[in-house]
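# Structural overview
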Amino acid sequence: MRVLIAEDDAAILDILTIILQGEGYEVITAKDGETAEALAREQAPHLAILDLMMPRLNGFEVTRRLRACPELAGLKIALISALSQETVRAQNMHMWVDTFLVKPFDIHQVIQAVRTLIGPAKEVTST
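Read on for an overview of the structure. (Residues numbered from 1 in each chain as written. Predicted model: local features only at pLDDT ≥ 70, side-chain atom pairs only at ≥ 80, totals over all residues. Heavy atoms only, no water.)

### With respect to the nonpolar core
To be explicit about the condition: Grouping buried Ala, Val, Leu, Ile, Met, Phe, Trp, Tyr and Cys residues that are joined through side-chain atoms within 4.5 Å yields what is termed a nonpolar core. Buried, partly exposed and exposed residues are distinguished by accessible area as a fraction of the type maximum, computed with a 1.4 Å probe on protein chains only: under 20%, between the cut-offs, and over 50%, respectively. Note on conventions: DSSP H or I runs of at least 4 residues are helices, E runs of at least 2 residues are strands, and numbering of each starts at the N terminus.
Core analysis: the largest hydrophobic core is formed by 22 residues, its most contacted members being Leu4, Leu50, Leu66, Ile77 and Leu79. When residues of this core are traced back to their parent elements, those giving at least two are β1 (2-6), β2 (26-30), α2 (33-43), β3 (47-51), α3 (59-67) and β4 (76-81). Core analysis: the second largest hydrophobic core is formed by 19 residues, Tyr25, Ile80, Val114 and Ile118 among them.

### Details of the pattern of salt bridges
Applicable threshold: Here a salt bridge means any side-chain nitrogen of Lys or Arg lying within 4 Å of a carboxyl oxygen belonging to Asp or Glu.
For the structure shown, the criterion picks out 11 salt bridges. In this structure, Arg41 engages Glu37 in a salt bridge whose closest nitrogen and oxygen atoms are separated by 3.1 Å. Taken together, the positions of Arg41 and Glu37, both in helix α2 and 4 residues apart, correspond to about one turn of that helix. For Arg41, a relative accessible area of 43% gives the class partly exposed. For Glu37, a relative accessible area of 11% gives the class buried. Each of Glu37, Arg41, Glu61, Arg64 and Arg65 takes part in one network of salt bridges that share partners.

In structure tokens form, the structure reads like this:
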């Protein structure tokens, strides 16, 4: 399972990457919205976690562009921001995204959100 994380804060990007890789997800990263859009089109992730406030293209615009791309129809999108969920609702983005995560976030909530959206990365086998 491939997850794209687009976040301009290097510390947050590192934390999310380490946690999701530890859970077995393949992680690709971008530090701005323009790169995130290009990577999503090139690598077709299962989930994109997009920061709302990024350089070059913000999370709102990246979401709009990805939703307009027929090849990415199955892409799940999670927005992450220190802004309130009401801001997202005001932009009508709640109709475009699958979940919204508020900074500072709880790592366990992030893992649960990812699992809910795309399933666990690792197959659980019983012996």
